[in-house]
Amino acid sequence: MLATIYSKTVRERTFGLLIGVMSVSAMVALAVWVYSDLDQVIAEFAASFPEAYLSAMGISVDGTGTSIVLGEMLNLIAPMVLGGLAISIGTSAIAGEERDNTIGLLLSNPKSRTTVLLAKMRAMLAVVAVGSMLIWLGSVASVALVGSNTVGLSIGAMSVHVFAISLFFGSLALFIGAWTGNAGAASGASAGLLIFSFLAAGFLPLLQGWENVAKVFPWYYFNSSQPLQNGLKPGHLAVLVGVSALLIGGAVVGINRRDLRSGGVDGNLLERLLQNHPRVAAYAEKITGKAQVANIAIKTLSDHQGGGTIAAAAIFYTALIMGPFFNALKGVLSDLMSVMPEGLLAIVGSVDMSTPAGWFHGELFSMVVPGAIGAITIMMGARALAGEERTQTMDLLLVNPIKRSRVVAEKSVAILGMAFLLGFATFAGTAAGSLLGGLDISMLNIAGASSQAFAFGFFLGAMALLGGAMTGNAKAAAYVGIGVGLVGFVIASYFPVSANLAEWARVSPFYYYAQNQPLSNGISWTNLGVLLGAGVLAVAASVLFFERRDIRN
């Protein structure tokens, strides 16, 4: 399997692909099972939802429990998981090889830069295609396993659209990585566009006069035609595949026009952009800052300053526009909430989205905030120990008179500090958005919700740290953090709907993050303590595993 760049790349991504596909299939089976006794209720009320809302969420007007679950999973979770995997492959194709000091070894063989890039691209294409097919088969099998059916649903067509949108974001990461050589810029920009385009394409059509603006975003060409209900949309697929081809072509041009580095590129975001484009140097320096080496914690924070700054800005500005956005949509939201039964409200977190606090909770704090904070802290946790081993700098670190326990402790302090900074950005953006829209949300409640977001981010980062301490493998460590977050999201979202499973929702970190709806009810000190305590326990366990394991070199 190591004979070619293509086969080696596919082999390296097989484990992650299987984890992602199995996770999506398990979520579908679990959610369909929990919803199975609500089919009649959902069928009666789905037809009365606003058409724009149904379109945005990919819900059929003939909705049953199964169709709504599949709509949410295949319109949201599947493209997020497979798109994230494609972004990871696209990022590591060139920029990742430079970051890991292996690009020189790769190019020492009689292979051109174009050959290497196209081999990586073909591997990404194969992984995304197989992943889409497995999600299709896994979804059908999962639904059949719980005794439901998929009559009238085009799961195969939906999977093709998932393939196309994932290919687009993977190609975008490949393009940015080929032109900048910076893995942080490639993954951060691509993941940021993935999240923002989901929000923009979903809700801009709800605003009169803004319908056509949604067509600027790739997510519009993914699910605006509702492929789960209506089948393939060749024109939209052509847009996504065509732009992907242009990005891959641009990546070929980019890698052949730039001096490649081996060993010189670190995680300092926009470093390559700064060097190649002096005109933006002043702005880039403000984002990336300068490397700080006063101690391990500060050095670790400094290494992730670029990604943290972008995530904080994304959270702040997204929260800021939510205020005026609510004023534009509150009529639609009031109509929507007036027809939703109590049982269905539980599905969306039992929030009243016709109120300012419910709107912010449903649209910002339910996914955007935990997703952004979790992505950064999981990345920090995965690289904290396993990343040092991957880049062969752990020996250099431990040759100093520093105990392994201190290394773990200072790395965890850095994760805690980053989670706090992102939690503060959440508070500042939400408070500013509330003031801008004149929504009068309690500042104490905003502080409480932001505090619980901070604790949630620290817990996920600590779990990734634990994964790295146990395995020494950065990818496995990241999968631990992501897996805990995804499974926790499904459990917290669907278990409360079933009376028999509601109490089991307490095993999910999402339960302690949002169950008490802190924007409406204020902070839960118990929930905050559980998340912080669980994070501290994960750090303590990391110390035990890290002290007893042979370090890789």
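What comes next is a walk through the structure. If you're wondering where the values come from, they're calculated on a predicted model, not measured in any experiment. Along each chain, the written sequence defines residue order, and numbers are assigned to residues from 1. In view of the model being predicted, local features appear only for residues whose pLDDT reaches at least 70, and side-chain atom pairs are presented and counted only at 80 or more, with totals across whole chains, interfaces and linings using the full set of residues. Side-chain numbers come from the whole structure's heavy atoms, not from hydrogens or water.

### Quick word on the overall build of the protein
Numbering of helices and strands runs from the N terminus; a helix is a DSSP stretch of H or I covering at least four residues, while a strand is a stretch of E covering at least two. Counting secondary structure elements, the protein contains 25 helices and zero strands. The classification of residues rests on relative accessible area computed with a 1.4 Å probe and restricted to protein chains. Under 20% of the type maximum is buried, over 50% is exposed, and intermediate values are partly exposed. Burial analysis of the protein (553 residues in total) assigns 53% to the buried set. We call two residues contacting when some pair of their heavy atoms lies within 4.5 Å. Considering only intrachain contacts with a sequence separation of at least 6, the fraction spanning at least 24 residues in the protein is 76%. Accessible surface, the protein as shown: approximately 22,900 Å² in total, 64% of it carbon and sulfur. Surface exposure here means Shrake-Rupley accessible area, sampled with a 1.4 Å probe, where a residue is shielded only by the protein chains that are shown.

### Remarks on the environment of Leu134
Inspection of the secondary structure puts Leu134 in helix H6 (residues 113-145). Separated by 112 residues in the primary sequence, Leu134 and Met22 place their C-alpha atoms 8.7 Å from one another. Setting aside chain neighbours within four positions, we find Leu134 in contact with Val21 and Ser25.

### Some points on the nonpolar core
Core analysis: the biggest nonpolar cluster contains 128 residues, and Leu385 and Tyr513 have the highest contact counts within it. The dominant element in this core, judged by the number of residues it contributes, is helix H21 (residues 443-471), at 15 residues. Sequence-distant contacts of Tyr513, that is, excluding residues within four places in its chain, are made with Phe365, Val369, Pro370, Gln452, Ala453, Phe456, Pro518 and Leu531. Residues belong to one nonpolar core when they are buried, are Ala, Val, Leu, Ile, Met, Phe, Trp, Tyr or Cys, and are joined through side-chain atoms within 4.5 Å.

### Things to note about the packing of helix H18 (residues 368-390) against helix H22 (residues 474-494)
The interhelical angle for the contact between H18 and H22, taken along N-to-C directions, is 160 degrees, at an axis separation of 8 Å. Classified by the interaxial angle, the pair formed by H18 and H22 is roughly antiparallel. The hand of the H18/H22 crossing is right-handed. Packed against H18, whose contacting residues are Ile378, Ala382, Ala386, Gly387 and Arg390, the element H22 presents Ala474, Ala477, Ala478, Gly481 and Ile482 at the interface. A fitted line through C-alpha atoms serves as each axis, taken over the contacting stretch for helices, and the angle formed by two N-to-C directions is quoted from 0 to 180°. Roughly parallel here means an angle under 35 degrees, roughly antiparallel means over 145, roughly perpendicular means 65 to 115, and every remaining angle is called oblique. Crossing handedness is read from the near helix: turned anticlockwise from the far helix by less than a right angle, it gives a left-handed crossing, and turned clockwise, a right-handed one.

### A closer look at a nonpolar patch on the surface
Patch definition: residues above 30% relative accessible area lacking any salt bridge, with like charges linked at up to 9 Å and the nonpolar side chains Val, Leu, Ile, Met, Phe, Trp and Tyr linked at up to 5 Å. Whenever a carboxyl oxygen of Asp or Glu lies within 4 Å of a side-chain nitrogen of Lys or Arg, that contact is scored as a salt bridge. Together, Val130, Met133, Trp136, Leu137 and Val140 make up a nonpolar patch on the protein surface, roughly 420 Å² of accessible area in all. Mapped onto the fold, Val140 is located in helix H6.

### Observations regarding the packing of helix H17 (residues 356-365) against helix H20 (residues 404-437)
Two elements in contact, H17 and H20, have axes separated by 12 Å at closest approach and are oriented at 135 degrees. Classified by the angle their axes make, H17 and H20 are oblique. Read as a crossing pair, H17 and H20 show a hand that is right-handed. Contacts from Phe360, Leu364 and Phe365 in H17 reach Thr426, Thr430, Gly433 and Ser434 in H20.

### Topic: empty space enclosed by the protein
Using a grid of 1 Å spacing that covers the protein atoms alone, one calls a set of points a cavity when a 1.4 Å probe fits there but cannot get out, and a pocket when the set is open and has protein on both sides within 12 Å along at least five of seven lines; lining residues are those with an atom within 4 Å of a point. Grid points are joined across faces, edges and corners, and a volume is the space filled by probe spheres set on the points. Scanning all chains against the criterion turns up two cavities of 30 Å³ or more. Counted as a void, the second largest cavity has a volume near 40 Å³. As for the second largest cavity, its lining consists of His361, Phe365, Ala449, Tyr513, Ala514 and Pro518. At the level of elements, H17 and helix H23 (509-514) are the ones that each hand at least two residues to the lining of the second largest cavity.

### Regarding the side chain of Glu389
Structurally, the position occupied by Glu389 is in helix H18. Using a relative accessible area of 4% as the deciding quantity, one classes Glu389 as buried. In terms of polar contacts, Glu389 uses its side chain to reach the side chain of Arg549, at 2.7 Å. Any N or O atom pair separated by 3.5 Å or less is treated as a polar contact, with the protein-specific requirement of one donor-capable and one acceptor-capable atom, and with residues adjacent in sequence counted only for side-chain atom pairs.

### A short note on the pattern of salt bridges
Within this structure, the stated rule accounts for six salt bridges. The residue Glu98 makes a salt bridge to Arg258 at a minimum N-O spacing of 2.8 Å. Placement of Glu98 in helix H4 (residues 65-99) and of Arg258 in the loop between helix H11 (234-257) and helix H12 (271-276) is noted, with a sequence separation of 160 residues between them. One salt bridge connects Arg406 with Glu410, and the closest N-O pair in it is separated by 2.7 Å. Taken together, the residues span about one helical turn, with Arg406 and Glu410 both in helix H20 at a distance of four residues. Here Arg406 falls in the partly exposed class, since its relative accessible area comes to 41%.

### Remarks on the side chain of Lys120
In this structure, Lys120 sits in helix H6. The class of Lys120 is buried, set by a relative accessible area of 7%. Other than its neighbours up to four places away in sequence, Lys120 contacts Ile5, Thr9, Ala93, Glu97 and Leu106.

### Some words on the packing of aromatic side chains
Only the six-membered ring of Trp is used, alongside the rings of Phe and Tyr, when aromatic pairs are assigned; centres must lie within 6.5 Å, and planes under 30 degrees apart are stacked while those over 60 apart are edge-to-face, with the rest tilted. On inspection of all chains with the given rule, the structure shows 13 aromatic pairs. Their ring planes at 80 degrees and their centres at 5.0 Å tell us that Tyr220 and Tyr221 sit as a pair that is edge-to-face. The pair formed by Tyr220 and Tyr221 is uniform in burial state, with each residue classed as buried. Through a chain of ring-to-ring contacts, three or more aromatic side chains come together here, namely Phe456, Phe489, Phe510 and Tyr513. In our convention, an over-ring charge means Lys NZ or Arg CZ found within 6 Å of a ring centre and within 35 degrees of that ring's normal. Taking the ring centre of Phe546 as reference, the NZ or CZ of Arg404 above it sits at 5.5 Å.

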